[in-house]
Amino acid sequence: MLSRVMTTKSRPTTPLNGSSRPPPYASRQSVYASRNRNLLMYSSAVIVFAVGVTYAAVPLYRMFCAATGFAGTPNVGTGRFEPTRLVPVEGARRIKVHFNADRAEALPWTFTPQQKFVTVLPGETSLAFYKAKNESPRDIIGIATYNVTPDRIAPYFSKVECFCFEEQKLLAGEEVDMPLLFFIDKDILDDPACRGIDDVVLSYTFFRARRNAQGHLEPDASDKDVQKSLGFGDYEMAPRAEIRNAQPGKSP
Amino acid sequence: MSFGRPLSINVGFKTSPPDRGSFPLDHDGECKEQMMQYVDCLRKNSSTSTSCRVMSKQYLECRMTKGLMEHDEWKNLGLANISESTWTSASS
């Protein structure tokens, strides 16, 4: 019986000489325990960080898009129309803005600019007028697109208020004056690519309007004509999603 | 916009909407007089916009009073430092 008692395994006790070194068996366990705890802490920190980043990604992407205008995000509210930008730069060279007016053949309106051109200073807001007359015996809704050439002035050409992109209903036989308030941003003076620009052509095209599948008004003309009026006539465009997804034989 | 979407790559022209949207149509020609004054002024001054800024301010003021345009401060429209005293010299 004594021999059995003496051979039972038991945890080694602290050594009698009083040294503070933990016994080897306990230290291996505690080392593993502390390593596991470390690993757990790091993993949970990474998980929490990743979840936080996914939540923050949406507003961060929006801020990035607004700042850089990536993928055609409009530059609104980014200081382009601050009162300080709308002050003319005295003594700078004048830029001549020519006005052009076009209309689709399907639209029985006469659409002409009231002035052939205006010479403006950078930063100066100027008013311009177009005149439109509905020659037909019916009320017609029109919608206008615009285009500025040369292309490199486009980021600097800003319109404060105009008559484009929204429906304009003209009663039968009605003639109306359409104003347009625009300015050329003064940063054009700092852009070396725009150094030689003295003439700018602003071209408006009026189309008849129709409602698309979403109920929004859009030009009643082929995509090709609309893109040409916007200055994209030389670019090859992929067919729109509505047309791509339409079944063959079903009209878009 | 539901039409005329720009290309997703930055190629030159970006069709951007105007800051304040669209002017309501002046169906009754309420501000036609100011408009004709402005166009005449442009014709007389070889289409220089600086000389006719008072006229454009008057036109926009007409629009605001007749309810054809939202009221806004002149500095937001870039017409802050135009005084009426220069009107008589510009209209000659």
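Owing to the predicted nature of the structure, the values given are computational and were not obtained by experimental measurement.

## What to know about the overall build of chain A
A count of helical and extended segments in chain A gives 4 helices and 10 strands. Along chain A, helices and strands appear, N-terminal first, in the series α-α-β-β-β-β-β-β-β-β-β-β-α-α. When each of the 252 residues of chain A is scored for burial, the buried share is 36%. A fraction of 72% describes how many contacts in chain A between residues 6 or more apart in sequence connect residues 24 or more apart.

## Side note on the packing of aromatic side chains
All names here are of chain A. By the definition in use, this model includes 15 aromatic pairs over all chains. Taken together, a centroid distance of 6.1 Å and an interplanar angle of 75° make the contact between Phe 99 and Phe 182 edge-to-face. Here Phe 182 lies in strand S8 (residues 175–184) and Phe 99 lies in strand S1 (residues 95–103), a separation of 83 residues in the sequence. When its relative accessible area of 7% is taken as the criterion, Phe 99 is described as buried.

## Some details on the UniProt feature "transmembrane region" (unreviewed entry) in chain A
Those places that UniProt annotates as "transmembrane region" (unreviewed entry) correspond, in this numbering, to residues 39–58 of chain A. Overall, residues 39–58 of chain A shows 100% helix and 0% strand. The separation of its end C-alpha atoms is 30 Å.

## Some remarks on unusual backbone geometry
For the bond running from Thr 149 of chain A to Pro 150 of chain A, omega is 0°, close enough to zero to count as cis. Unusually for a residue other than glycine, Ser 46 of chain B sits at a positive phi of about 50°. Along the chain, the position of Ser 46 of chain B falls in the loop between helix H1 (32–44) and helix H2 (53–65). With relative accessibility at 52%, the residue Ser 46 of chain B sits in the exposed group. In this structure, Ser 47 of chain B is a non-glycine residue whose phi angle is positive, near 55°. Relative to the assigned elements, Ser 47 of chain B resides in the loop between H1 and H2.

## Focus: the interface of chain A and chain B
By a widespread convention, an interface's size corresponds to the accessible area lost as its parts come together. At the interface, 59 residues of chain A touch 47 residues of chain B. Each partner contributes to the roughly 4,700 Å² buried at the junction of chain A and chain B, and carbon and sulfur atoms together form 59% of this total. Sorting the residues of chain A by area buried against chain B places Leu 127, Glu 161 and Phe 232 of chain A first, and these three jointly supply 13% of that buried surface. Scanning the region where chain A abuts chain B turns up 2 salt bridges. With a closest N to O distance of 3.6 Å, Lys 32 of chain B and Asp 177 of chain A form a salt bridge. Here chain A and chain B share 14 residue pairs in polar contact (both at pLDDT 80 or more) between them. Put simply, the parts of the chain that give the side of chain A that touches chain B at least two residues each are strand S3 (117–120), strand S4 (126–134), strand S5 (140–149), strand S6 (157–161), strand S7 (168–170), S8, strand S10 (217–219) and helix H3 (223–229) of chain A. Residues belonging to the side of chain A that touches chain B are distributed by class as follows: 34 nonpolar, 13 polar and 12 charged.

## Observations concerning the nonpolar core
Leu 180 and Tyr 204 of chain A are the most contacted members of the largest nonpolar core, which totals 63 residues. A per-element tally of this core places S8 of chain A first, with 7 residues. Sequence-distant contacts of Leu 180 of chain A, defined by excluding residues within four places in its chain, comprise Phe 99, Ser 126, Leu 127, Ala 128, Tyr 130, Lys 159, Glu 161, Cys 162, Phe 163, Leu 202 and Tyr 204 of chain A together with Phe 23 of chain B. The next biggest cluster of nonpolar side chains, apart from the first, holds 9 residues, and it includes Ala 209, Leu 217, Val 226 and Leu 230 of chain A.

## Focus on a nonpolar patch on the surface
A cluster of nonpolar side chains, Ile 47, Val 51 and Tyr 55 of chain A, forms an exposed patch at the surface whose accessible area comes to about 360 Å². Tracing the sequence through the fold places Tyr 55 of chain A in helix H2 (residues 24–68).

## As for the pairing of S1 of chain A
All names here are of chain A. Bridging between S1 and S3 involves 4 bridges; their strand directions are antiparallel. Opposite His 98, over in S3, you have Phe 117 as the bridge partner. Note: S1 against strand S9 (residues 199–211), 8 bridges, orientation parallel. Looking across to S9, one finds that Ala 101 is bridged to Tyr 204.

## A word on H1 of chain B
All names here are of chain B. With 13 residues, H1 ought to run about 18 Å at 1.5 Å a step, and its terminal C-alpha atoms sit 18 Å apart, in line with that. Looking only at H1, the buried set comprises Met 35, Tyr 38, Val 39, Cys 41 and Leu 42. Viewed along the axis of H1, the buried residues span an arc of 155°, placing them on a single side of the element. Opposite its buried face, H1 presents the exposed residues Glu 33, Arg 43 and Lys 44, each directed more than 90 degrees away.

## Notes on the sheet that holds strand S2 (residues 109–113) of chain A
Pairing within the open sheet is antiparallel, and its 4 strands lie in the order S2-S4-S8-S6 (chain A). The open sheet terminates on both sides in strands that have one partner only, identified here as S2 and S6 of chain A. Within the sheet, the average angular offset between the axes of one strand and its neighbour, ignoring direction, is 30°. Here 8 bridges tie S4 of chain A to S8 of chain A, and the two strands are oriented antiparallel to one another. Bridged to Ala 132 of chain A within S8 of chain A is Val 176 of chain A. Together, S4 and S8 of chain A form the strand contacts of H1 of chain B, whose direction differs from that of S4 of chain A by roughly 120°.

Cut-offs and rules
Residues numbered from 1 in each chain as written. Chains lettered and ligands numbered in written order. Predicted model: local features only at pLDDT ≥ 70, side-chain atom pairs only at ≥ 80, totals over all residues. Heavy atoms only, no water. Helix = DSSP H or I, 4+ residues; strand = E, 2+ residues; numbered from the N terminus. Buried < 20%, exposed > 50% of the residue type's maximum accessible area, 1.4 Å probe, protein only. Contact = heavy atoms within 4.5 Å. Phe/Tyr/Trp six-rings, centres within 6.5 Å; stacked < 30°, edge-to-face > 60°. UniProt positions renumbered as here; feature names shortened; annotations may be inferred. Buried area = accessible area lost by both parts, 1.4 Å probe. Salt bridge = Lys/Arg side-chain N within 4 Å of Asp/Glu carboxyl O. Polar contact = N/O pair within 3.5 Å; in protein donor to acceptor, adjacent residues only side chain to side chain. Nonpolar A, V, L, I, M, F, W, Y, C, P; charged D, E, K, R; others polar. Core = buried A, V, L, I, M, F, W, Y, C linked by side-chain atoms within 4.5 Å. Patch = residues over 30% accessible without salt bridge, like charges linked within 9 Å, V, L, I, M, F, W, Y side chains within 5 Å. Areas by Shrake-Rupley, 256 points an atom, 1.4 Å probe, with all protein chains shown as cover. Pairing = 2+ DSSP bridges. Expected span 1.5 Å × (residues − 1). Arc of directions from axis to C-beta. Axes fitted to C-alpha atoms, helices over the stretch in contact; angles between N-to-C directions.

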